Structures are given as C-alpha cells and as structure tokens.
Amino acid sequence: MMTHHDVAAAPIVAAQQSNAAVMQFLFLGLIVVAFYFFLIRPQRNRQRQQQQLQSSVRPGSRVMTTNGMYATVVAVDDDGLVLEIAPGVEARFVKQAIMQIVDEGDADSDEDDDTDDDRSVDADDADDADESRAAAEADGETPGDKAEEKSSSKPSA
C-alpha cells in the first residue's frame, strides 16, 4: 500500500532518473565532438596537405620518398612519376610515395653528412689495421705468420 509520502516522492525520483539519462547522453555527445576535433579533423587536414603537395610536384623538383630516398623528378603522369635516384638511374613511383619536396640545400647537406660519417669510420678502421700491422712487425711477425698460426691451431678432422 502506497502512502501519501510515496506518491509525492515518485515524481522527484522520476525527474532525477531522467536528468541522469540526459547527462549520460550529453557526456556521450561530448566524447564524439572531442574525437572529431582532436582526431578526425586534424587527420583530414594532414591528408589534404599531403594531396596538395603530391599534386604540386613538377619535373626538376628534388623530393624525398616515404622510404627516405632522395631523388629528382624527371617526369610526371596522372597517377605516377619518374624519379632519378642516381645519375642515369630512373624509377617509376606512384605520387603517394612522395613524402616531401626538399630544398636543394637540405638534400645536399644530408647526403654530405652521410658520406662524411662513412669516411670517418673507414679511416678509423684503416688506422686500426695499420696499428696492428705495426705491432706485429715490431714483434718480428709478418701477416702471413698470423694466418699460418690460425690455420695450425684448428684441429684437423
């Protein structure tokens, strides 16, 4: 049996429940809006910029592909382009493989840095080899003696 107090409290409980349901829907809507502004919209802008960059490629431009290779554009077609990777070496790529257009100075300095690193490693290796040769000669050994020593130390089968 319902009392007068229960009948009066029923509309208040129903209002609170409907208020909670509205708050849940508003929170869900807020999450969708946040996803749009923080994830979907910036991604669309990046895609649009990348498409504009790929459509603005012209012959003679210096580009970097998505795998990090620098090349010069030789020819441009509707869906692809021909890149000169090294002097006399041309390869066909799709436009989507172009990551960025680089300035002539940027690409040259990157290539120079790579070759400088390789030269310094090769020079260090050559210095180490010269030092070991000099030490062996000081001990009275020749490089041929070390090779004979290694082959004689192996057990024969």
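Since the model is a prediction, treat every value here as computed from it, not as a measurement.

### Comments concerning the environment of Arg-58
1) Next: Structurally, Arg-58 is set in the loop between helix 1 (4-55) and strand 1 (62-65).
2) Next: In this structure, the C-alpha to C-alpha distance between Arg-58 and Val-73, residues 15 residues apart in sequence, is 6.8 Å.
3) Next: Leave out the neighbours within four places in its chain, and Arg-58 touches Val-73 and Val-76.

### Observations regarding the side chain of Thr-65
1) Next: Tracing the sequence through the fold places Thr-65 in strand 1.
2) Next: A relative accessible area of 1% means that Thr-65 is categorised as buried.
3) Next: Apart from residues no more than four positions distant in its own chain, Thr-65 is found in contact with Leu-83, Phe-93, Ala-97, Ile-98 and Met-99.

### Describing the nonpolar core
1) Next: If you look at the biggest cluster of nonpolar residues, it comprises nine residues: Val-57, Val-63, Ala-71, Val-73, Leu-81, Leu-83, Phe-93, Ala-97 and Ile-98.
2) Next: Mapped onto this core, the elements with two or more residues apiece are strand 2 (70-76) and strand 3 (80-86).
3) Next: Apart from residues lying up to four places away in sequence, Val-73 is in contact with Val-57, Arg-58, Pro-59, Gly-60, Ser-61, Val-63, Val-82 and Leu-83.

### Considering the pattern of salt bridges
1) Next: Considering all chains together, one arrives at two salt bridges under this definition.
2) Next: Ionic pairing is found between Asp-77 and Arg-92, a salt bridge with its closest N-O pair at 2.8 Å. Of this pair, Asp-77 sits in the loop between strand 2 and strand 3 while Arg-92 is found in strand 4 (residues 89-94), placing the two residues 15 residues apart along the sequence.
3) Next: Residue classification places Arg-92 among the exposed residues on the basis of a relative accessible area of 52%.
4) Next: In this structure, Arg-92 engages Asp-79 in a salt bridge whose closest nitrogen and oxygen atoms are separated by 3.9 Å. Of this pair, Arg-92 sits in strand 4 while Asp-79 sits in the loop between strand 2 and strand 3; the two residues are 13 residues apart in sequence, bridging distant segments of the chain. Just as Arg-92 is exposed, Asp-79 falls in that class too.

The rules behind the values
- Throughout, residues of each chain are indexed from 1 in the direction in which the sequence is written.
- Side-chain atom pairs in this predicted model are given and counted only at pLDDT of 80 or more, local residue features only at pLDDT of at least 70, and totals for whole chains, interfaces and linings cover all residues.
- Side-chain calculation: all heavy atoms of the structure are included, whereas hydrogens and water are not.
- A run of DSSP states H or I qualifies as a helix once it reaches four residues; a run of E qualifies as a strand once it reaches two. Both are numbered from the N-terminal end.
- A contact between two residues is defined here by any heavy atoms of the two lying within 4.5 Å.
- The buried label applies to any residue whose accessible area, calculated with a 1.4 Å probe on protein chains only, is under 20% of its type's maximum; exposed applies above 50%, and partly exposed to all values in between.
- By nonpolar core is meant a set of buried Ala, Val, Leu, Ile, Met, Phe, Trp, Tyr and Cys residues that side-chain atoms within 4.5 Å join together.
- Any carboxyl oxygen of Asp or Glu within 4 Å of a side-chain nitrogen of Lys or Arg constitutes a salt bridge here.

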